[in-house]
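This is what each chain is made of:
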Amino acid sequence: QVQLVESGGGLVQAGGSLRLSCAASGSIFSINAMGWYRQAPGKQRELVAAITSGGSTNYADSVKGRFTISRDNAKNTVHLQMNTLKPEDTAVYYCNADSIYGSRWWGQGTLVTVSS
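Residues numbered from 1 in each chain as written. Predicted model: local features only at pLDDT ≥ 70, side-chain atom pairs only at ≥ 80, totals over all residues. Heavy atoms only, no water.

Student: What is the right way to look at the side chain of Asp-98 in this model?
Tutor: Tracing the backbone through its elements, the reader meets Asp-98 in strand β9 (residues 91-99). Since its relative accessible area comes to 18%, Asp-98 is described here as buried. In this structure Asp-98 touches Ser-30, Ile-31, Asn-32, Ala-33, Ser-103 and Arg-104, once residues within four positions along its chain are discounted. (Helix = DSSP H or I, 4+ residues; strand = E, 2+ residues; numbered from the N terminus. Buried < 20%, exposed > 50% of the residue type's maximum accessible area, 1.4 Å probe, protein only. Contact = heavy atoms within 4.5 Å.)

Student: I tried to follow a nonpolar patch on the surface on my own but got confused; where do I start?
Tutor: On the surface, Phe-29, Ile-100 and Tyr-101 cluster together into a nonpolar patch covering about 410 Å² of accessible area. For Ile-100, the location among the structural elements is in the loop between β9 and β10 (104-106). Assessed through its relative accessible area of 53%, Ile-100 is described here as exposed. (Patch = residues over 30% accessible without salt bridge, like charges linked within 9 Å, V, L, I, M, F, W, Y side chains within 5 Å. Areas by Shrake-Rupley, 256 points an atom, 1.4 Å probe, with all protein chains shown as cover. Salt bridge = Lys/Arg side-chain N within 4 Å of Asp/Glu carboxyl O.)

Student: Honestly, the pairing of strand β5 (residues 46-51) in this entry has me stumped. Any pointers?
Tutor: Pairing geometry for strand β4 (residues 31-39) and β5, over five bridges, is antiparallel. Looking at β5, one finds that Arg-38 is bridged to Glu-46. Linking two consecutive strands that pair antiparallel, namely β4 and β5, is a turn of six residues; a positive phi of about 75° is found at Gly-42 within it. Bridge analysis of β5 against strand β6 (residues 57-59) gives three bridges, and the strand direction is antiparallel. Among the inter-strand pairings, Ala-49 is bridged to a residue of β6, identified as Tyr-59. As consecutive antiparallel partners, β5 and β6 are separated by five residues, and within that stretch Gly-55 has a phi angle of approximately 100°, a positive value. (Pairing = 2+ DSSP bridges.)

Here's what the structure looks like:
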């Protein structure tokens, strides 16, 4: 089992920045990729950004150039730096970890609200 705890959400004006963090604990040896998903009201959960243990990254087109995902393997944390935020970025953001055995874990979510 892996436990994920997110932090860093909040309210920000459009054009502002926020940094989300996710700390992993438990069976961290099994973690391969980690990432961030988001779910806005009435919409499906979608991938925002992901990063493998080797540092390869993947971003949703809507956040490319604005968001940066990073990972500290020594501290078992993953961060999402979000710049130039837009009202459409408003959502609950979930940290995710995928294991080498095919399991997937989720954090409890952190709310990001971007006001116009």
